[in-house]
Amino acid sequence: MPHCNHIEKVLNDAKVKDNVLKTFNITKYILGHSSSCDKLMYTMKCSTCHEINAGSNFICLQCEYTGCWNHSHFLEHSTTKNHIFGINSSNQLMYCFKCQDYIGDIDLLNSSFLNKSWDDIQQHTDIPQLEKTDGLSGFVNMGSTCFISSILQFLIHNPYIVNYFMTQQHHNKCQIKDPTACMSCSLDAIVADTYGSVKNGNMDDGFISMLNCAWKINHNFAGYSQQDAHEFLQFLENQLHNDYKRVEHRGSATDGSYCKCIIHSMFQGALKSSIICSECNDGSKTITDPFMDLSLDIKDKSTLYECLDSFHKREKLHDYNYHCPQCSTTEDPTKQLSIEKLGPVLSLQLKRFEHLANGNNVKLTNFVEFPLYLNVGKYCTDGDAVSADGSGQSIVYELTAIVSHKGTVNEGHYIATIKISEDRWFRFNDSMVSELSQQQALQDEAYLLFYVIKQVQ
Amino acid sequence: MESSMKAQIQQYLVESGNYEKISAKLNDKLLEDGWMDQVRRLTMNEIESDKSANFASILAKIEPQALDLVDQKTKDEVMAQIRAFLDEVVETE
């Protein structure tokens, strides 16, 4: 989009610049903190025709007028009053009605809340290079490190993790500050290598430091021998959690509240295990347990929803010495697992590796279809499926990463398939990065699936 | 439909909380139908083909196609919801 000279002129005028940014900030603040009802009634209602949401609605930067798009009412306002800037009340972006375009390329506008410190910020920051903005780089295989690199690719492309390290939340407080001695520091270094300019040394420095650090903690996870990717994820999650406890000088929460470290904030949910008496419906033996991921049985299942349905379905519990505290019956109770709490990231493990009674390990290779958007609302209620009118909670998660395993139990290879910037999929195979279509991504023989919250209604 | 009548009906829809409900349901459907991804792809293609185009011109090209691409089933469901609400509030002669 071509540059807007009109706003440029305004921002270069010292007399009006601060006021303009202040007005913009206040408007954005109000839009961000209003109830949906207020937003609809006031910011999305056209001052001229009084219709709500007739296309987008724009709030005038210079007066109290708000005008709609569809009936060109703001356009009229802009020509009669010569007020050419409108703030879209849905997306908070500024539109120039002379250029007929949104203004997106002015950093000062995009970060208008930072106006006061702008000079200082310009001095101490670098704009990232265009070719590094998506973090499309692989990790050289240093032995059998694919189980590590595929997990890392998921993490360094996850917005919560990237934000955590970009805002230096670990770095600022860590006393060790050494990527070969602290796992969080090494992950921090990897994020910096991936997205930032590599000052001296190599792109691989961060990765090598992590292997070095992992070796000191647990030889198994240093990449000399193939390990299970899910176990590595759990190992890394544990390290990040412990590092948080160390830098924040916190012990484990004793009041039952949830840990606020980046890992628990992202992944932790809770499962309710309901045990209901089949005679009197007493549910006092119901317990709730936290979880960091869900492991799903895939035998004879062909879709992810089938696996989740099976996980959630109400069953009679046999071989369980039940004694009802209310009616004293010993009849088999019914059991049901339902989701009580969800983190913004939902990790699902498809149980592909089975340990048989005779000591052998076998891999289940059946293809399990998984959706781009996963609605887990129905798994958060008790009882059966959905209510008659199809209503009920809607909790939609978006698929962002797939870790797949190719090969046998003992000799296999892990690959990560990640969704980058809204709509493109990339395959990360050790040091090789290649683009693939959405169709192809959906055909992966998935082992681990990572969904991120998209919308809750 | 007369603009002021439409505005009145919308007012009632918002005040009763139904506007939000219907809008949220529609949003859900469009997401799960894959419509949002489709329209995004169309838009990206349009932008790629003419780097100097502005928002207004791109919208003019995309909007009719996007409206057309909405699943008929989704359109029908949302219309039914709106109709049901109107039957309750609007007096017909």
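For the structure, check the block above.
Residues numbered from 1 in each chain as written. Chains lettered and ligands numbered in written order. Predicted model: local features only at pLDDT ≥ 70, side-chain atom pairs only at ≥ 80, totals over all residues. Heavy atoms only, no water.

Caption draft 1: View of the overall build of chain A. Scanning chain A from N- to C-terminus turns up 14 helices and 19 strands. Dimensions along the principal axes, computed over C-alpha positions, put chain A at roughly 80 × 60 × 45 Å. Counting over 457 residues, chain A shows a buried share of 47%. Taking as baseline every contact in chain A between residues at least 6 positions apart, the subset at least 24 positions apart corresponds to 61%. Put simply, chain A has 37 plus and 52 minus side-chain charges, and the middle of one group is 5 Å from the middle of the other. (Helix = DSSP H or I, 4+ residues; strand = E, 2+ residues; numbered from the N terminus. Buried < 20%, exposed > 50% of the residue type's maximum accessible area, 1.4 Å probe, protein only. Contact = heavy atoms within 4.5 Å. Lys, Arg positive; Asp, Glu negative; His and termini not counted. Charge placed at Lys NZ, Arg CZ, Asp CG, Glu CD.)

Caption draft 2: Up close: a nonpolar patch on the surface. Taken together, the side chains of Ile26, Tyr29 and Ile30 of chain A present a nonpolar region at the surface, about 310 Å² in accessible area. Classification of isoleucine 30 of chain A as partly exposed rests on a relative accessible area of 44%. (Patch = residues over 30% accessible without salt bridge, like charges linked within 9 Å, V, L, I, M, F, W, Y side chains within 5 Å. Areas by Shrake-Rupley, 256 points an atom, 1.4 Å probe, with all protein chains shown as cover. Salt bridge = Lys/Arg side-chain N within 4 Å of Asp/Glu carboxyl O.)

Caption draft 3: Representation of the side chain of serine 404 of chain A. All names here are of chain A. Assignment of secondary structure puts serine 404 in strand β15 (residues 395-407). Its relative accessible area of 8% is what places serine 404 among the buried residues. In this structure serine 404 touches His413, Tyr414, Ile415, Asp444, Glu445, Ala446 and Tyr447, once residues within four positions along its chain are discounted.

Caption draft 4: Representation of the pairing of strand β18 (residues 432-436) of chain A. Residues and elements named next belong to chain A. Both strand β17 (residues 424-429) and β18 contribute to a ladder of 5 bridges, which runs antiparallel. Each bridged residue has a counterpart across the sheet, and for arginine 427 the counterpart in β18 is serine 434. Count of turn residues in the β17/β18 antiparallel hairpin: 2 residues, of which aspartate 430 carries a positive phi of about 50°. (Pairing = 2+ DSSP bridges.)

Caption draft 5: Spotlight on the packing of helix α3 (residues 36-43) of chain A against helix α1 (residues 3-15) of chain B. Interaxial distance between α3 of chain A and α1 of chain B falls to 10 Å at its minimum, and their mutual angle equals 165°. If you check the angle between α3 of chain A and α1 of chain B, you find them roughly antiparallel. Relative to α1 of chain B, the crossing made by α3 of chain A is left-handed. Seen from α3 of chain A, the contacting residues are Cys37, Leu40 and Met41 of chain A; seen from α1 of chain B, they are Gln11, Val14 and Glu15 of chain B. For the contact of α3 of chain A with α1 of chain B, the residue count by class is 4 nonpolar, 1 polar and 1 charged. (Axes fitted to C-alpha atoms, helices over the stretch in contact; angles between N-to-C directions. Parallel < 35°, antiparallel > 145°, perpendicular 65-115°, else oblique. Left-handed = near helix turned anticlockwise from the far one by under 90°. Nonpolar A, V, L, I, M, F, W, Y, C, P; charged D, E, K, R; others polar.)

Caption draft 6: Up close: the sheet that holds strand β3 (residues 85-88) of chain A. Residues and elements named next belong to chain A. If you trace the 5 strands from one edge of the open sheet to the other, you get β2-β1-β3-β4-β5, paired in antiparallel fashion. The two strands at the open ends of the sheet, each matched to only one other strand, are β2 (66-68) and β5 (101-102). Sheet topology places β3 next to strand β4 (residues 94-96); 3 bridges connect them, and they run antiparallel. Across the sheet, residue phenylalanine 85 finds its bridge partner in β4, namely cysteine 96. Contacts from helix α2 (residues 14-33) reach β1 (57-60), β3 and β4, with the element oriented near 25° to β3.

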